[in-house]
Amino acid sequence: MTTEAIHDSHEHDDHHDHKMTGIKRWLYTTNHKDIGTLYLWFAFIMLLFGGALAMMIRVELFQPGLQFVEPDFFNQLTTVHGLIMVFGAIMPAFTGFANWMIPMMIGAPDMALPRMNNWSFWILPFAFSILIASFFMESGAPNFGWTFYAPLSTTYSNGSTAFFVFAVHIMGVSSIMGAINVIVTIMNMRAPGMTYMKMPLFVWTFFITAYLLIAVMPVLAGVVTMLLTDTYFGTSFFDAAGGGDPVMFQHIFWFFGHPEVYIMILPAFGIVSTIIPAFARKRLFGYSSMVYATASIAFLSFIVWAHHMFTTGMPLFGELFFMYCTMLIAVPTGVKVFNWVATMWRGSMTFEIPMLFSIAFVILFTIGGFSGLMLALTPVDFQYHDTYFVVAHFHYVLVTGSLFSIYAGAYYWLPKWTGHMYHDGLSKAHFWCSLISVNILFFPMHFLGLAGMPRRIPDYALQFADFNKWVSIGGFAFGLSQLIFLVVVIKCIKGGKKAEAKPWDGAEGLEWTVASPAPYHTFETPPNAEDIKGQ
Amino acid sequence: MSTEQEQKASDNKTSKTVKKLVLVVFAMFGFGFALVPLYDVFCDITGLNGKTATTAASVNEDGIDESRTITVQFISRTAKGIPWQFEPMINEITVHPGEMKLVKFYAKNESVNDIIGQAVPSVSPGRAAIYFQKIECFCFNSQPLKAQEDVEMALQFYVDAELPEEVKTITLSYTLYDITGSVES
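Residues numbered from 1 in each chain as written. Chains lettered and ligands numbered in written order. Predicted model: local features only at pLDDT ≥ 70, side-chain atom pairs only at ≥ 80, totals over all residues. Heavy atoms only, no water.

A. Just the overall build of chain B, in detail. Across its full length, chain B holds 2 helices and 9 strands. Helices and strands in chain B line up, N terminus first, as α-β-β-β-β-β-β-β-β-β-α. For chain B, whose C-alpha radius of gyration is 26 Å, the value lies well above the compact-globule estimate of 16 Å for 185 residues. Summarising its shape, the C-alpha atoms of chain B cover approximately 90 × 50 × 25 Å along the three principal directions. (Helix = DSSP H or I, 4+ residues; strand = E, 2+ residues; numbered from the N terminus. Rg over C-alpha atoms; globule rule 2.2 N^0.38 Å.)

Set out below in structure tokens:
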């Protein structure tokens, strides 16, 4: 089977589609693996850049008082850090996984729309060039928070709104094209015998994520367009003077914003659900309940947006409705956590790096989920709102949640991508350094928030000094630890122990039936039906 | 060749799915904008956000409920960039539900330019908004003032007798905006 696949691809190369060399290969490529690689590198570069901004934030917050940056520049740092991490690091990284793995997992030769695939990646660097370039303009970068609430981003904008809006438009177009591609691929290009309920969970979660993307990214595009016309063309969507309403901005933004947070976590669920069974050497516990849980989380995400707005003065009924709906999300999420733990229960577990990251994910994501439940309680949210407790919450779900799952997935599939095993010692160092430093970084933020330290402020009261020092030290350590990962990946691409076609003995799925590194073209002819086991 | 036919069939299927999805994208883009009127309608019906009616109410004919009194407070503020003095001439008043009252607000253009101002009302608590009936209000129209000119502006209102029992105090807040630019254009 493996040699056949390689043989096929050589024959194919002879007919047409010669691999180009140098930069042209990457610019013109329509190959899903090349584009996946581009997405993953882009996401990692953005992670380091967004991380560098975070380091500046933590330098400023190391001590009380204003030391290094002006308050306005501090606002620019927090804003662009958020935008880059959400739209530049986490989302492209998952799209990279989707590009690399979905065709291989469902036995398709490529994505359904390879030319569009190339476009959806290559417009991304332009979006982020515009965003980052605004740092060097007279106006400065966006300083109104990644949530760009009107009127901060309209009446009180520093003049960066247009650049911000165009950058978001381009990101949105890119995400929508990527999502359409994934849906079309999954619906039309599954190998014979690969029924929906046999699809690997990563495919399922990304399938649902793609639907969320095409449902809410257009709403984001709409709301930034309204901002643009409010700021520059005299409309009054969010301006009370002309009959508009700034609170409506928050409603429309969070109608996009809440599904967006599931866009950033559902693929993580998929990756972890793939890895845990592989190293527990058991089938995933409750496959179909996982699928239904994912779908119900996606559905519920559309009717909970106003839990971000409890303090805007909603009627009591509204607050109760959004509180209960939010609480309801804990049920399918709880099902998932239960299933992961049940999969590990009495499994023959080994603790390779992907598994370590996945277990860390399960524990730390659950902590983030619990703080989310606390925030969902309307009466106490009035105290936690806009404090470091919120910062702690979403960093637990996005860093130790999404980012850890991305690392888990990267280590899991690196042998398939590069054909080499990663360096064992260095990758262990990466995991343990990250795990310890990330908790020093984010855990004390819970206490800071409960004690009342507000977010997005460059200074703080003296009593918060000790915790902030620890947070900053954890931040620097976590930032530096990520450079170890860069070394691991480069070493792994250059050489290392040769990887077998299936380096993990518990791993399941079509991607392990082809050679490592995966040939440039895979599944030109659909895979054998008996290779498709299902869950 | 059968493989060519298969290829064609799958291409067809692909373009069909793509068309449907593109349609969804455009529909959702439209939905984003549709949320604007929907939000207004929703606020109108529920009185959410303290939005009061933008047109005059008719005179109360249901009589006065003298069994309870309600405190109505007046607050004013000027938005950024309008150099007007703007304040209520009385800060607080007690009324019976159904009872009509006339209060005045004072505005003075303190700049050397002619400016057109627009006051936007908001009622707190929000659910009292639909029971706050204005028969006459300066907020229904814009208010032009020449440089250094001043004016007393009238508000005639009553509180609907249907107002929930537990609301004892209503705060009416006006924000004054400079709309000179948008009126001239």
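Structure's up, so let's keep going.
B. Here's a closer look at the overall build of chain A. Counting its secondary structure elements, chain A contains 17 helices and 0 strands. Per-residue burial for chain A yields a buried fraction of 61% across its 535 residues. Here the analysis covers contacts within chain A between residues at least 6 apart in sequence; of these, 82% occur between residues at least 24 apart. Of the roughly 19800 Å² of accessible surface on chain A, a fraction of 69% belongs to carbon and sulfur atoms. In chain A, 24 side chains carry a positive charge and 30 a negative one; their mean positions are 11 Å apart. (Buried < 20%, exposed > 50% of the residue type's maximum accessible area, 1.4 Å probe, protein only. Contact = heavy atoms within 4.5 Å. Areas by Shrake-Rupley, 256 points an atom, 1.4 Å probe, with all protein chains shown as cover. Lys, Arg positive; Asp, Glu negative; His and termini not counted. Charge placed at Lys NZ, Arg CZ, Asp CG, Glu CD.)

C. Summary view of the pairing of strand β9 (residues 169-178) of chain B. Residue and element names in this part refer to chain B. Where burial is concerned, most of β9 is hidden: 8 out of the 10 residues are buried. Pairing of strand β1 (residues 70-78) with β9, which is carried by 8 bridges, proceeds in the parallel orientation. Along β9, the bridge assignment pairs Phe74 with Leu172. Sheet topology note: the strand β5 (residues 115-124)/β9 ladder contains 8 bridges and is antiparallel. In the sheet register, Gln118 faces β9, and the bridge partner there is Tyr177. (Pairing = 2+ DSSP bridges.)

D. Looking closely at the interface of chain B and chain A. Between chain B and chain A, the residue contacts involve 24 residues of the former and 30 residues of the latter. A buried area of about 2400 Å², summed over both sides, lies between chain B and chain A, and 78% of it is on carbon and sulfur atoms. Breaking the side of chain B that touches chain A down by element, the ones donating at least two residues are α1 (2-46) and β5 of chain B. Counting residues per element, the side of chain B that touches chain A draws most heavily on α1(B), at 16 residues. For the side of chain B that touches chain A, the class distribution of residues is 16 nonpolar, 5 polar and 3 charged. (Buried area = accessible area lost by both parts, 1.4 Å probe. Nonpolar A, V, L, I, M, F, W, Y, C, P; charged D, E, K, R; others polar.)

E. Spatial organisation of the confidence of the model for chain A. Put simply, chain A has an average pLDDT of 92, and 96% of its residues get 70 or more. Low pLDDT (under 50) marks residues 1-16 of chain A, which in the prediction has 17 contacts with non-local residues, meaning those over four places away or in another chain. (pLDDT = per-residue confidence, 0-100.)

F. Quick peek at the side chain of Thr205(A). When you line up the elements, Thr205(A) lands in helix α8 (residues 201-232). Thr205(A) sits in the buried class, given a relative accessible area of 1%.

G. Structural context of the sheet that holds β1(B). Residue and element names in this part refer to chain B. Across the sheet, which stays open at both edges, the 5 strands sit in the order β3-β1-β9-β5-β7 with mixed pairing between neighbours. Looking at strand neighbours, the two that pair on one side only are β3 (92-95) and β7 (143-145), the edges of this open sheet. Averaged over all pairs of adjacent strands, the angle between their axes in this sheet comes to 30 degrees, without regard to strand direction. As defined by bridge partners, β1 adjoins β3 across 4 bridges and the pair is classed as antiparallel. Each bridged residue has a counterpart across the sheet, and for Ile70 the counterpart in β3 is Val95. (Axes fitted to C-alpha atoms, helices over the stretch in contact; angles between N-to-C directions.)

H. Representation of the packing of aromatic side chains. Residue and element names in this part refer to chain A. Inspection of the entire model under this criterion finds 70 aromatic pairs over all chains. Each ring, one from Tyr412 and one from Trp504, has its centre 6.2 Å from the other, and the planes form 10 degrees; the classification is stacked. Taken together, the residues span a long stretch of sequence, with Tyr412 in helix α15 (residues 388-418) and Trp504 in the segment after α17 (465-494) at a distance of 92 residues. This pair shows no difference in class: Tyr412 is buried, exactly as Trp504 is. Cation over ring: Arg25 sits above Trp26, and NZ or CZ is 4.4 Å from the ring centre. Positioned over the ring face of Tyr196 is Arg190, at 3.9 Å from the centre of the ring. (Phe/Tyr/Trp six-rings, centres within 6.5 Å; stacked < 30°, edge-to-face > 60°. Lys NZ or Arg CZ within 6 Å of the ring centre and 35° of its normal.)

I. Examining the pattern of salt bridges more closely. Under the criterion given, the structure shown has 6 salt bridges over all chains. A salt bridge links Arg25(A) to Asp34(A), with the shortest nitrogen-to-oxygen separation between them at 2.6 Å. The buried category is assigned to Asp34(A), whose relative accessible area is 2%. Residue Glu99(B) is joined to Lys101(B) by a salt bridge in which the shortest nitrogen-to-oxygen separation is 3.6 Å. (Salt bridge = Lys/Arg side-chain N within 4 Å of Asp/Glu carboxyl O.)

J. How the structure looks around empty space enclosed by the protein. All names here are of chain A. Tallied over the full model, the rule gives 1 cavity of 30 Å³ or more. Here the largest cavity is characterised by a volume of approximately 170 Å³. Surrounding the largest cavity, 17 residues form its lining, Met91, Pro92, Thr95, Ser175 and Leu213 being those nearest its centre. Sorting the residues of the lining of the largest cavity by element identifies α4 (71-106), α7 (161-188) and α8 as the ones contributing at least two each. For the lining of the largest cavity, the class distribution of residues is 12 nonpolar, 5 polar and no charged. (1 Å grid on protein atoms, 1.4 Å probe; cavity = no way out; pocket = protein on both sides within 12 Å on 5 of 7 lines; lining within 4 Å. Points joined across faces, edges and corners; volume = space filled by probe spheres on them.)

K. Structural detail: the side chain of His251(A). Structurally, the position occupied by His251(A) is in helix α9 (residues 246-263). Under the relative-accessibility criterion, His251(A) is labelled buried at 15%.

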